[in-house]
Amino acid sequence: MTLDFSDTQGLLVRGYGGLRHATFLLFAVTDERAARAALRNLADQVSTAAAKPAETAVNVALTAAGMRALGVPAAVADSFSAPFAEGMTTEHRSRLLGDSGDADPRRWAWGGPSTTPVHVLVLVYAATATELRRREAQIKRESEGLSLTVALPTDELTPTEPFGFRDGLSQPKLSGLGEEAAPGDVELGEFVLGYRNAYGRLTERPLLPADADPRGLLPRTADGAADLGRNGSYLVFRQLRQDVDGFWAHLRERAGGEQPARRLAAKMVGRWPSGAPLVLAPERDEPALAEQDFAYHAEDPHGLSCPLGAHVRRANPRDSLDPDPGSAKSVAVNNRHRLLRRGRSYTIAGADGSGPDERGLHFLCLSANLARQYEFVQHTWVNSPVFNGLHDDADPLVAPKNGRGALFTEQATPVRRRHSGLPSFVQVRGGAYFFLPGVAALRYLAA
């Protein structure tokens, strides 16, 4: 099956790397009728996957609470996946995602139970800062019935994230985009609803009786059901504060200097700052290798080059998974848990203008199954202290250290090296689950 580009919002395919400026606008519905009219207007402006935008792009997503606030029947909103319908901040989900202590949703700046509700997300991208301000102002003017909860600016897009490491490498390559499929490509249905996934099945998605769509806005299935999910995707949004100064100060003190700290940081990440993977460049940074593909099982099965608990091994274990490490079966298991990342870094200036008060990442990722993809990766691979045969090692870079997981082990011969008492370097400041609908579905929800 080939993607319907004209009905799919562009964020899924384009990523907007050429649009270096962005702002993410979070709205609450204050007037149902007026908000629907505003959404219908936005649906006419949405950038689809059919063309690469040169100047600006606008995409729109909704929370389950937002659907209900727009008057969408509860039965329809609840027909989406359980994580989306329930939201990110239930007690169960907070435990699953590690959102406790300083990262407890009750302490969040937005998206938490004690903050203004988040109903609609408008993602605005532009080639220049001037064009971004113009488009952002236009959207705010035309958002009658919607109250701006928070505007989240981003840094101008660069290849690196705030800790100083190249970001955005090793994105999954999707089949079904009109190109000839290659080994290792991930099925379109792993990210877009209404298409076949890695199990060869059409994704689970909300299907409505035909009479629920009397105007015929939605695509139809073979048996005539109105397909509300088709060409949509679930969007995870988490604002992650990064303690950049604390990270490097801690590593310099622990490692005993600038260069040893840089090496230890590379071990924790699994790549050098240029993006060169330790599997291919274990001794020194080799920037020319940054985009080269690699595997773990044959090259580094025991983690002597790239530690077994490093961030990149957890986020994408490649061919190291059971039941048959090093085989196509292992890669297939991994591909059932991939994520399309669309994050942007941000900086909040200090009140006195002397420097940044907060730096971090607006983490955005897309998937067709929140539980099997994002939540599984976060809980079972990133936050787990027993990942990959380890016993008390959570992700050294991004995992919360709430009683367990504050250990980082460097495998080596003749003896390993263990770094205990790692603090948390990343803190969640806000978040929500959104649905990024197809254009037809957005018009239906607005109607």
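Residues numbered from 1 in each chain as written. Predicted model: local features only at pLDDT ≥ 70, side-chain atom pairs only at ≥ 80, totals over all residues. Heavy atoms only, no water.

This paragraph deals with the packing of helix H1 (residues 32–45) against helix H12 (residues 439–446). Following both chains from N to C, one finds H1 and H12 inclined at 165°, their axes separated by 8 Å at the closest point. When the axes of H1 and H12 are compared, the pair comes out roughly antiparallel. Considering how the two elements wind past one another, H1 and H12 form a crossing that is left-handed. Contacts between H1 and H12 involve Arg36, Leu39, Arg40, Ala43 and Asp44 from the first element and Val439, Leu442, Arg443 and Ala446 from the second. Partitioning the contact of H1 with H12 into residue classes produces five nonpolar, no polar and four charged. (Axes fitted to C-alpha atoms, helices over the stretch in contact; angles between N-to-C directions. Helix = DSSP H or I, 4+ residues; strand = E, 2+ residues; numbered from the N terminus. Parallel < 35°, antiparallel > 145°, perpendicular 65-115°, else oblique. Left-handed = near helix turned anticlockwise from the far one by under 90°. Contact = heavy atoms within 4.5 Å. Nonpolar A, V, L, I, M, F, W, Y, C, P; charged D, E, K, R; others polar.)

Moving on, we come to the pairing of strand S10 (residues 356–367). Of all the 12 residues making up S10, nine are buried; the element is thus mostly covered by neighbouring parts of the structure. Sheet analysis places strand S7 (residues 233–242) next to S10, joined by nine bridges and oriented antiparallel. Pairing of Gln242 across the sheet is with Arg359, part of S10. In the sheet, strand S8 (residues 340–341) pairs with S10 via two bridges, with the strands oriented antiparallel. Pairing of Leu340 across the sheet is with Leu366, part of S10. Relative to S10, strand S9 (residues 344–349) runs antiparallel, the two being bridged by six bridges. Bridge pairing in S10 places Tyr346 opposite Gly360. (Buried < 20%, exposed > 50% of the residue type's maximum accessible area, 1.4 Å probe, protein only. Pairing = 2+ DSSP bridges.)

Below, the discussion takes up the nonpolar core. Among the nonpolar cores identified, the biggest contains 83 residues, and Met67, Phe84, Val122, Leu228 and Phe247 are the most heavily contacted of them. Counting residues in hydrophobic clusters, the runner-up holds 30 residues, among them Leu19, Leu123, Phe191 and Ala432. (Core = buried A, V, L, I, M, F, W, Y, C linked by side-chain atoms within 4.5 Å.)

What follows deals with the side chain of Gln373. With respect to the helices, strands and loops of the structure, Gln373 is situated in helix H11 (residues 371–382). A polar contact of 2.8 Å, which involves the side chain of Gln373, links it to the backbone oxygen of Glu190. (Polar contact = N/O pair within 3.5 Å; in protein donor to acceptor, adjacent residues only side chain to side chain.)

Looking now at the pattern of salt bridges. For the structure on display, the rule yields 26 salt bridges. Of the charged contacts, one joins Arg107 and Asp102 as a salt bridge, the two residues approaching to 3.0 Å between their closest N and O atoms. Overall, Arg107 belongs to the exposed group, its relative accessible area being 54%. Arg262 is the salt-bridge partner of Asp285, the closest N and O atoms lying 3.2 Å from each other. On the criterion of sequence distance, the pair formed by Asp285 in the loop between helix H8 (258–269) and helix H9 (311–315) and Arg262 in helix H8 is long-range, its members being 23 residues apart. Looking at Arg262, the relative accessible area reads 27%, which means it is partly exposed. Bridged by salt links that share partners, the residues Glu86, Arg93 and Glu375 form one connected network. (Salt bridge = Lys/Arg side-chain N within 4 Å of Asp/Glu carboxyl O.)

Glancing now at helix H6 (residues 129–141). The terminal C-alpha atoms of H6, which comprises 13 residues, lie 18 Å apart, in line with the 18 Å expected from a rise of 1.5 Å per residue. Buried within H6 are the following residues: Glu131, Leu132, Arg135, Glu136, Gln138 and Ile139. Taken end-on, H6 shows its buried residues confined to a sector of 160°, consistent with a single buried face. Exposed side chains of H6 directed beyond 90 degrees from the buried face belong to Thr130, Arg133 and Arg141. On its buried side, H6 packs onto strand S1 (21–29), H1, strand S2 (56–62), strand S3 (120–126) and strand S4 (146–153). (Expected span 1.5 Å × (residues − 1). Arc of directions from axis to C-beta.)

So, on to unusual backbone geometry. A cis geometry characterises the amide bond from Asp322 onward to Pro323, with omega recorded as 15°. On the secondary structure map, Pro323 appears in the loop between H9 and helix H10 (328–335). For the bond from Thr413 to Pro414, the omega torsion is 5°, close enough to zero to count as cis. Mapped onto the elements, Pro414 comes out in the loop between strand S11 (408–410) and strand S12 (417–419). Of note, the phi angle at Arg318 is positive, near 55°, even though the residue is not glycine. If you trace the backbone, Arg318 turns up in the loop between H9 and H10.

In terms of burial, S2 is largely enclosed, as seven of its seven residues are buried. Here S2 shows no split at all, with Thr56, Val58, Val60 and Leu62 on one side and Ala57, Asn59 and Ala61 on the other all buried. Direction of pairing for S2 relative to S3: antiparallel, over a ladder of seven bridges. The residue of S3 that forms the bridge with Ala57 is Tyr125.

A few words now on the packing of helix H7 (residues 244–255) against H8. Running from N to C, H7 and H8 cross one another at 110°; their axes reach a closest spacing of 8 Å. Considered as vectors, H7 and H8 are oriented roughly perpendicular to each other. H8 is crossed by H7, and the crossing has right-handed handedness. Counting all contacts with H7, which are made through Phe247, Trp248, Leu251, Arg252, Arg254 and Ala255, the residues of H8 involved are Glu258, Pro260, Ala261, Arg262, Leu264, Ala265 and Met268. Considering only residue class, the contact of H7 with H8 consists of nine nonpolar, no polar and four charged.

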